[in-house]
Structures are given as C-alpha cells and as structure tokens.
Amino acid sequence: MKREEETLVNKGVRPTANRLLVLRTLMSIDRPMSLTELESELPYMDKSSIFRTLNLFKEHHVTHEIDDGATIRYEACHGEKRCNISDMHTHFHCEICQETTCLHDVKIPIVQLPEGYESQSINYMIKGICPKCAKKQIG
Ligand SMILES: [Zn+2]
Ligand SMILES: [Zn+2]
Ligand SMILES: [Zn+2]
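Residues numbered from 1 in each chain as written. Chains lettered and ligands numbered in written order. Predicted model: local features only at pLDDT ≥ 70, side-chain atom pairs only at ≥ 80, totals over all residues. Heavy atoms only, no water.

## Quick notes on the packing of helix 2 (residues 17-28) against helix 4 (residues 47-59)
Right, so step 1: The N-to-C vectors of helix 2 and helix 4 enclose an angle of 75°; their axes lie 10 Å apart at closest approach. Classified by the angle between their axes, helix 2 and helix 4 sit roughly perpendicular to one another. Contact residues: helix 2 offers Asn18, Arg19, Val22, Leu23 and Leu26, while helix 4 offers Ser49, Thr53, Leu54, Leu56 and Phe57.
Right, so step 2: Classifying every residue of the contact of helix 2 with helix 4 gives six nonpolar, three polar and one charged. (Axes fitted to C-alpha atoms, helices over the stretch in contact; angles between N-to-C directions. Helix = DSSP H or I, 4+ residues; strand = E, 2+ residues; numbered from the N terminus. Parallel < 35°, antiparallel > 145°, perpendicular 65-115°, else oblique. Contact = heavy atoms within 4.5 Å. Nonpolar A, V, L, I, M, F, W, Y, C, P; charged D, E, K, R; others polar.)

## Details of the pattern of salt bridges
Right, so step 1: What the rule picks out here adds up to seven salt bridges.
Right, so step 2: Its salt-bridge partner being lysine 58, residue glutamate 65 comes within 3.9 Å of it at the nearest N-O pair.
Right, so step 3: The exposure class of glutamate 65 is partly exposed, given its relative accessible area of 30%.
Right, so step 4: By relative accessible area, which is 43% here, lysine 58 ends up partly exposed. (Salt bridge = Lys/Arg side-chain N within 4 Å of Asp/Glu carboxyl O. Buried < 20%, exposed > 50% of the residue type's maximum accessible area, 1.4 Å probe, protein only.)

## A short note on the sheet that holds strand 1 (residues 33-34)
Right, so step 1: Reading across the sheet, the three strands line up as 1-3-2 and stay open at both edges, with antiparallel pairing between neighbours. Of all the strands in the sheet, just strand 1 and strand 2 (63-67) have a single pairing partner and so form its edges.
Right, so step 2: Direction of pairing for strand 1 relative to strand 3 (residues 72-76): antiparallel, over a ladder of two bridges. Bridging across to strand 3, methionine 33 finds its partner in tyrosine 74. (Pairing = 2+ DSSP bridges.)

Printed below as a string of structure tokens:
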C-alpha cells in the first residue's frame, strides 16, 4: 500500500482516486497549500470536489488547516489516528513575499486552558520577514 493510501485507511477514509490525488499533492510539497494552489496543481479535478475532499480530510484529521491571516492553507497531518499537539509545528508567514513556511523543528508551546475549555485545533503562526526577503533588504 502506498503511504497516502495507508494514511486514508488508518483514518477511516475510503481511498478513492480523487482523495488519493489530493493527499499525494499535499504530501509532495513541504509547506501548507492554499485552495488556489491546489486547484492549479490539480487542473483536471473540479473545484467543488477538491473542496469537498478537504472538508472530509479535516473531519478525519487527515489534514491541518492553517490560517495565515490572509488565506486558509492545508497540510497533511503526520500524526496517527487523532491529531495531537506533538504532531503540530509552528508556521512562519512572511509579510513581504506572503509565503507560509513549516518550521518542523519548532514545537508549539503547550498552554494551560481554564477548566471547561477543550481545544480542537491550534493555529500557531509567527509573522515577520523570511531569510530570503531579509537578505534582499540588506543587499
Ligand atoms: Zn494532526
Ligand atoms: Zn519572504
Ligand atoms: Zn506545516
């Protein structure tokens, strides 16, 4: 079984051709993708089925949704059946080139919620200037 097929089966999603295609695309790029980017990577798939697939993926914890303040982006979850904080990482959004990068080695700090609050997702986004843009500003 291929990696993307195994992931879907593990998370209780029937692996149809379209679903495998969307997940393979997300897994092939090491940064969160917007819907528009996914659409241009998958020109033969219609927009509504990409969107439906993403919603299904979210329900089954196949993907994480990342909000960089301008766009909702999607990336494959590398955790097991349920999402937990240890399979999430910090993201960096560059305010100059608008690129959102995965900082895989920067873990999300764990915060203590008051009693009665249960978290469903965490969006840990740092904004600033990426190394590429920083270099351009100097030079
Ligand atoms: Zn996850
Ligand atoms: Zn930049
Ligand atoms: Zn990421």
